[in-house]
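Spelled out, the chains give:
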Amino acid sequence: MNKLLIFSAPSGSGKTTVVKYLMETLGDKLGFSVSATTRAPRPGEVHGREYYFLTESDFRAKVENNEFLESEEVYAGILYGTLWSEVHRIWAENKMVVFDVDVKGGLNLKRKFPEQALAVFLRPPSVEVLMERLTKRSTEVEHQLKERIAKANYELSFENQYDVVVVNDILEDTLQTCEKLVLDFYNK
Ligand code: ADP
Ligand code: 5GP
C-alpha cells in the first residue's frame, strides 16, 4: 500500500530537525515531499530541496491548474502547498511520502488519506520553550516571530485529532521515538 507520514506542529517545535534526521537514517524507505512556498529562501535553503520557491503568480497558477493536494496561506501573505507531483514521484520509487506541513494542512492530508496516512503531532514541552527555540533559531524578524507564537497557541489545540503525539523535550529521545514510529508504520 502507498503510505504517507505527516509531521505537523507549531513552528519551532522541531519538525524540520526530526524530518531531516529521518531522511538521513531511513532515506531508503522515505521520500520528502518538497512543498511550494512564496516565502523567500533562508540562508542555505535550496530551490527544489527544502522548498520550491515560487512567485505568488506562479503559485496561484498552480492552484488554478489543480496541481496541489492542499494549499494554504499559513502566515499573512505567505502561501504554502503540497504538490501532487511530489506524491506521485515518491510513490513511484516505492517509498513512503513524508510531509512537514502546518497543523491545518496535516489534518487536511489525513482526511484525504485516512487509512494510508499516519499523522504525527510534534509538541514542544511548553509554549515558553517553543518561544525560546524560535528566538534562538533567529530566522524570523520580530513581527513574524510574534505571528508564529500567536498561531502556536491555536495550533496546540488540535493535537487530539492526530494519530500520535510526540513531546519534543530531549531531542535524542524524540528522534528515537519517531524512528520507531516510522519503522512500525512501514512494516504494518
Ligand atoms: P520547525 O521545523 O518545527 O519550525 P525546527 O526543527 O526548525 O522546528 O526547530 C526549531 C529550533 O529548535 C531549531 O533551532 C532546532 O535546532 C531547535 N530544536 C529542535 N528540537 C530541539 C530539542 N529537543 N531541544 C532543543 N532544541 C531543539
Ligand atoms: P517555514 O516557513 O518555517 O519553513 O514553515 C512554516 C510552516 O509552513 C511550517 O509549519 C510548515 O510545516 C508549514 N508548511 C510547509 N509546507 C507546507 C505545505 O505544503 N502545506 C501546508 N499547509 N503547510 C506547509
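Relevant structure appears above.
Every chain is numbered on its own, with residues counted from 1 as its sequence reads. Written order decides the labels, with chains lettered from A and ligands numbered from 1. Where totals are concerned, whole chains, interfaces and linings use all residues; where local detail is concerned, this predicted model gives features only for residues with pLDDT of at least 70, and gives and counts side-chain atom pairs only at 80 or more. Only hydrogens and water are set aside when side-chain values are computed; all heavy atoms of the structure are taken into account.

**Student:** Explain the environment of V87 to me, and be specific about the residues and the numbers.
**Tutor:** In this fold, V87 is placed in helix α3 (residues 84-92). Residues V87 and Q144, 57 residues apart in the sequence, show an inter-C-alpha distance of 30 Å. Here a residue-residue contact requires only that any non-hydrogen atoms of the pair lie within 4.5 Å. Among residues more than four places away in sequence, those in contact with V87 are L69, V97 and F99. Per the convention used, a helix needs a DSSP run of H or I reaching at least four residues, while a strand needs a run of E reaching at least two, with both numbered from the N terminus.

**Student:** So what about the sheet that holds strand β9 (residues 164-167)? Which residues, and what values?
**Tutor:** Through backbone hydrogen bonds, the strands of a sheet pair up, either in parallel or in antiparallel fashion. Two strands qualify as a pair provided DSSP detects at least 2 bridges between them. Read across the open sheet, the 5 strands follow the order β2-β7-β1-β8-β9; overall the sheet is parallel. Both outer strands of the open sheet, β2 (30-32) and β9, are each paired with one neighbouring strand and no more. Strand-to-strand, the axes of this sheet are offset by a mean angle of 25 degrees, without reference to chain direction. By the bridge criterion, 5 bridges tie strand β1 (residues 4-8) to strand β8 (residues 117-123) in an arrangement that is parallel. Note on geometry: axes are lines fitted to C-alpha atoms, helical ones only across the stretch in contact, with angles between N-to-C directions running from 0 to 180 degrees.

**Student:** Account for the site of ligand 2, with residues named and values stated.
**Tutor:** In the vicinity of ligand 2, 17 residues are found, and the nearest of them are S35, R39, Y51, E70 and Y80. Measuring from a nitrogen atom of ligand 2, one finds a side-chain N or O atom of E72 at 3.2 Å. G81 places a polar main-chain atom, nitrogen or oxygen, 3.1 Å from an oxygen atom of ligand 2. Starting from 510 Å² of accessible surface for ligand 2 in isolation, the protein chains cover 96%. Here a residue is near a molecule or strand as soon as one of its heavy atoms is found within 4 Å of it. Any pair of N or O atoms that falls within 3.5 Å is considered a polar contact. Within protein, one atom must be able to donate a hydrogen and the other to accept it, and sequence-neighbouring residues count only if both atoms are side-chain atoms. Calculation of accessible area relied on Shrake-Rupley with a 1.4 Å probe; when residues are assessed, cover is drawn exclusively from the protein chains displayed.

**Student:** Could you give me a rundown of the layout of surface pockets, with the residues and numbers involved?
**Tutor:** A 1.4 Å probe that fits into a set of points on a 1 Å grid over the protein atoms alone but cannot get out defines a cavity; an open set with protein on both sides within 12 Å along at least five of seven lines defines a pocket, and lining residues are those with an atom within 4 Å of a point. Grid points are joined across faces, edges and corners, and a volume is the space filled by probe spheres set on the points. Quantified by volume, the largest pocket comes out at close to 1,100 Å³. Together, 41 residues line the largest pocket, and K15, T16, R42, D100 and R137 are the ones closest to its centre. Contributions of two or more residues to the lining of the largest pocket are made by α1 (15-25), β5 (68-75), β6 (78-83), β7 (96-101), α5 (127-137) and α6 (142-155). Looking at which element gives the most residues to the lining of the largest pocket, the answer is α1, with 7 residues. For this classification, Asp, Glu, Lys and Arg are treated as charged, while Ala, Val, Leu, Ile, Met, Phe, Trp, Tyr, Cys and Pro are nonpolar and the rest, including Gly, are polar. Of the residues contributing to the lining of the largest pocket, the split by class is 13 nonpolar, 11 polar and 17 charged. The space that makes up the second largest pocket amounts to roughly 160 Å³.

**Student:** Break down the pattern of salt bridges for me, with residues and values.
**Tutor:** Any carboxyl oxygen of Asp or Glu within 4 Å of a side-chain nitrogen of Lys or Arg constitutes a salt bridge here. Taken as a whole, this structure holds 14 salt bridges when the rule is applied. Of the charged contacts, one joins K110 and D163 as a salt bridge, the two residues approaching to 2.8 Å between their closest N and O atoms. Of the two residues, K110 is situated in helix α4 (residues 103-112) and D163 in the loop between α6 and β9; the sequence distance between them amounts to 53 residues. Each residue gets one of three labels from its accessible area relative to the maximum for its type: buried under 20%, exposed over 50%, partly exposed in between, using a 1.4 Å probe on protein chains only. With a relative accessible area of 41%, D163 lands in the partly exposed category. Here K180 makes a salt bridge to D184, at a shortest N to O gap of 2.8 Å. Highlighted residues: K180 and D184, both in helix α7 (residues 171-187), separated by 4 residues, approximately one helical turn. Note on K180: relative accessible area 51%, which makes it exposed. By relative accessible area, which is 42% here, D184 ends up partly exposed. Counted as one network, the salt bridges with shared partners bring together D102, K151 and E155.

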